[in-house]
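Given next are the chains, with one letter for each unit.
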Amino acid sequence: MGVGLVIVSHSARLAEGVVELASQMAQGKVSIIAAGGGPDGSLGTSVEKILAALHTVEGRDGVLVLLDLGSAAMSVEMAVETYRAEQKERRVIVSSGALVEGAVVAAVESSIGNTLDAVAAAAAEAHTLPKVHP
């Protein structure tokens, strides 16, 4: 599998829903893992869950992390720092893209074999795609 995706949300259910939608679009060709909610299942984020997701996701071409709200960024940064220290050969990019749109576009881009940089760029620009045509 090309680029793997990790979906981080304060809500485990939201992360799982985004994974469900993105997986449908990628037709099973992309490894996508949810890392949502706090350690006890409450709202929040968990460095441990994110790190476990990074270790679990398959992505020979690297991993793209998408997240929902600002405070998730701290947890993601800590997990990615730890992961990079352990897995020096695998690249990780944290996306500033919109969570749902970015995840769907990233899944499609990864499923057609694009590089980590191309997948990340597409995810970051996904918010510009029109949702409603006047």
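Cut-off values and rules
- Residues numbered from 1 in each chain as written.
- Predicted model: local features only at pLDDT ≥ 70, side-chain atom pairs only at ≥ 80, totals over all residues.
- Heavy atoms only, no water.
- UniProt positions renumbered as here; feature names shortened; annotations may be inferred.
- Axes fitted to C-alpha atoms, helices over the stretch in contact; angles between N-to-C directions.
- Helix = DSSP H or I, 4+ residues; strand = E, 2+ residues; numbered from the N terminus.
- Parallel < 35°, antiparallel > 145°, perpendicular 65-115°, else oblique.
- Left-handed = near helix turned anticlockwise from the far one by under 90°.
- Contact = heavy atoms within 4.5 Å.
- Nonpolar A, V, L, I, M, F, W, Y, C, P; charged D, E, K, R; others polar.
- Pairing = 2+ DSSP bridges.
- pLDDT = per-residue confidence, 0-100.
- Core = buried A, V, L, I, M, F, W, Y, C linked by side-chain atoms within 4.5 Å.
- Buried < 20%, exposed > 50% of the residue type's maximum accessible area, 1.4 Å probe, protein only.

- An unreviewed UniProt entry lists the protein chain under the name phosphoenolpyruvate--glycerone phosphotransferase, with Ktedonobacter robiniae as the source organism.
- As its UniProt record puts it under Subunit (unreviewed entry), the protein chain is described as follows: "Homodimer. The dihydroxyacetone kinase complex is composed of a homodimer of DhaM, a homodimer of DhaK and the subunit DhaL."

1. Considerations on the packing of helix H2 (residues 47-56) against helix H3 (residues 72-86)
Okay, so step 1: Between H2 and H3, whose axes approach to 8 Å, the crossing angle comes to 45 degrees. Taken together, the axes of H2 and H3 lie oblique to each other. Every pair of crossing elements has a handedness; the one defined by H2 and H3 is right-handed. Contacts between H2 and H3 pair Val 47, Ile 50, Leu 51, Leu 54 and His 55 from the former with Ser 75, Val 76, Met 78, Ala 79, Val 80, Thr 82, Tyr 83 and Glu 86 from the latter.
Okay, so step 2: Looking at the contact of H2 with H3 residue by residue, the classes come out as nine nonpolar, three polar and one charged.

2. Concerning the sheet that holds strand E1 (residues 4-9)
Okay, so step 1: Ordered in space as E2-E1-E3-E4, the four strands form an open sheet in which the pairing is parallel. Across the chains shown, the open sheet's two edge strands, defined by having one partner strand only, are strand E2 (32-36) and strand E4 (92-94). On average, adjacent strands in this sheet sit at an angle of 20 degrees to one another, irrespective of strand direction.
Okay, so step 2: As paired strands, E1 and strand E3 (residues 63-67) are joined by five bridges and run parallel to one another. Counterpart to Val 8 in the pairing with E3 is Leu 67.
Okay, so step 3: Across the sheet, H3 is in contact with E1, E3 and E4; its angle to E4 comes to roughly 170 degrees.
Okay, so step 4: Sheet strands touched by helix H5 (residues 116-125): E3 and E4. Its angle to E3, the strand with the most contacts, is close to 15 degrees.

3. Comments concerning the confidence of the model for the protein chain
Okay, so step 1: Per-chain confidence: the protein chain averages 93 in pLDDT, with 99% of residues scoring 70 or above.
Okay, so step 2: When the elements of the protein chain are averaged for pLDDT, H3 gives the smallest value, 93, and E1 the largest, 98.

4. Things to note about the nonpolar core
Okay, so step 1: Core analysis: the largest hydrophobic core is formed by 20 residues, its most contacted members being Leu 5, Ile 7, Ile 32, Leu 64 and Leu 66.
Okay, so step 2: Counting residues per element, the ones that place at least two in this core are E1, helix H1 (12-26), E3, helix H4 (99-111) and H5.
Okay, so step 3: If near-sequence neighbours (up to four positions away) are discounted, Ile 7 is found in contact with Ala 15, Val 18, Val 19, Ile 32, Ile 33, Ala 34, Ala 35, Gly 36, Leu 66, Leu 99 and Ala 103.
Okay, so step 4: Formed by 17 residues, the second largest nonpolar core is a distinct cluster that contains Ala 35, Val 65, Leu 67 and Val 80.

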